[in-house]
Amino acid sequence: MKLLLASFLLASLASAAEFKVEKTATGGAIVKVDGQVFAEYVVDQANKPYLAPVFGPTGKQMTRNYPMKTVEGEQHDHPHHRGICFGLEGINGVQSWAEASTFGDPVKSAARIASLGSEKHREFKTLEAKADSATLVSIIDYLDHDGKKYLEEERTMIFRAGDGTRSIELKQILLATDGTATFEDKKDAGLSIRVPTEMAVEIEKNKKGSGHIINSEGLTDANAWGKRAKWCDYYGTVGGEKLGVAMLNHPSSFRFPTPWHVRTYGLFTANPFGTKALDKEAPDGTYDLKKGEHTLLRHLFYFHKGDEKEGKVAEAYEAFAKE
């Protein structure tokens with residue numbers, strides 16, 4: 001019975017929809033469903049590739065515009081929080097989480113800027129649109145400040161549209177190609193989405209947004225920060241509609257269940273790399289990935305209507321976990 005339910009739910013993530021993938025003039029790609037933009041993969045505007053904008057099942061934008069666009073009424077903090085992106089605060093002393101603009105004054109921040117590296121999209125291994133999905137496979141080189149490679153990633157992104165839902169599955173293979181890669185235990189690391197400003201739990205101090213956070217263990221809002229869970233959901237009002245985005249952590253993913261670096265101001269990150277940084281009682285999570293070894297990360301962004309119950313997030317997780 002459970003297998004039949006899982007098969008039914010997986011099928012519901014991908015219903016009759018026409019997908020199309022178009023390469024952009026700047027080397028990225030746009031995924032469309034039924035003639036409308038679902039998401040754009042941008043590779044030339046920051047020190048890492050990212051997906052933005054991303055549109056949910058009702059056509060509402062589910063990512064903040066800033067810093068790609070400056071829109072009145074939005075939060076303008078953390079310019080490195082670009083749509084859906086992946087960054088690490090420390091590998092071999094190099095970080096790709098932040099950007100130069102993160103630190104302000106370039107003279108006062110010279111040492112921090114010198115630690116910045118980049119995730120450079122090299123090529124697409126796959127650009128494919130099917131009847132029920134679209135797939136992008138991006139090969140990414142991780143480079144230090146001097147352009148020396150220290151890591152490689154194969155990032156598979158699978159886009160689906162269902163009945164009242166949309167989803168983006170990310171499978172990330174991090175491969176140590178040029179010697180040992182030492183992953184540091186840091187708070188700011190992992191796979192992120194920055195949700196729309198009005199969907200934040202707290203837009204700024206003493207100014208509430210429409211949003212709420214809840215995880216698979218029942219912890220809510222600020223109490224969900226740093227806690228391990230199989231999934232976490234962020235929902236609220238966007239343009240007059242109650243919508244949400246859940247991140248589902250697959251059992252095959254590194255350090256499942258992941259800790260969640262999820263903030264009430266709108267940052268939503270799955271961070272398996274930070275253990276002690278997120279929980280002072282936990283052991284240090286620093287680890288070495290030796291040359292030729294790899295780490296697998298697997299997550300699903302699940303865009304839905306309503307809250308976690310109306311969106312059937314727990315059921316979607318059970319289906320995803322059985323894949």
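Just so it is clear, the structure is predicted and the values come from calculations on it, not from any experiment. (Residues numbered from 1 in each chain as written. Predicted model: local features only at pLDDT ≥ 70, side-chain atom pairs only at ≥ 80, totals over all residues. Heavy atoms only, no water.)

Trainee: Requested: an account of the nonpolar core, with residues and values cited.
Mentor: Within the largest apolar cluster, 61 residues are counted, with the highest numbers of intra-cluster contacts made by Phe159, Ile168, Phe183, Tyr234, Phe273 and Phe301. Counting 11 residues, the second-largest nonpolar core is a separate cluster that includes Ile214, Tyr235, Ala316 and Tyr317. (Core = buried A, V, L, I, M, F, W, Y, C linked by side-chain atoms within 4.5 Å. Buried < 20%, exposed > 50% of the residue type's maximum accessible area, 1.4 Å probe, protein only.)

Trainee: Requested: an account of unusual backbone geometry, with residues and values cited.
Mentor: Backbone torsion omega between Ala52 and Pro53 reads -5°, so that peptide bond is classified as cis. Summarising the element assignment, Pro53 is placed in strand E4 (residues 50–54). Following Phe256, the chain continues to Pro257 via a peptide bond in cis, the omega torsion being -10°. One non-glycine residue, Asn206, lies in positive phi territory at about 65°. By the secondary structure assignment, Asn206 is in the loop between strand E12 (202–204) and strand E13 (207–208). Owing to a relative accessible area of 71%, Asn206 belongs among the exposed residues under this scheme. (Helix = DSSP H or I, 4+ residues; strand = E, 2+ residues; numbered from the N terminus.)

Trainee: Hey, could you go over the pairing of E4 for me, with residue numbers and the actual values?
Mentor: The element E4 is extensively covered by neighbouring structure, given that 4 of its 5 residues are classed as buried. As paired strands, strand E3 (residues 36–42) and E4 are joined by 3 bridges and run antiparallel to one another. Of the residues in E4, the one forming a bridge with Ala39 is Val54. Both E4 and strand E5 (residues 84–88) contribute to a ladder of 2 bridges, which runs antiparallel. By the bridge assignment for E5, Tyr50 is matched with Cys85. (Pairing = 2+ DSSP bridges.)

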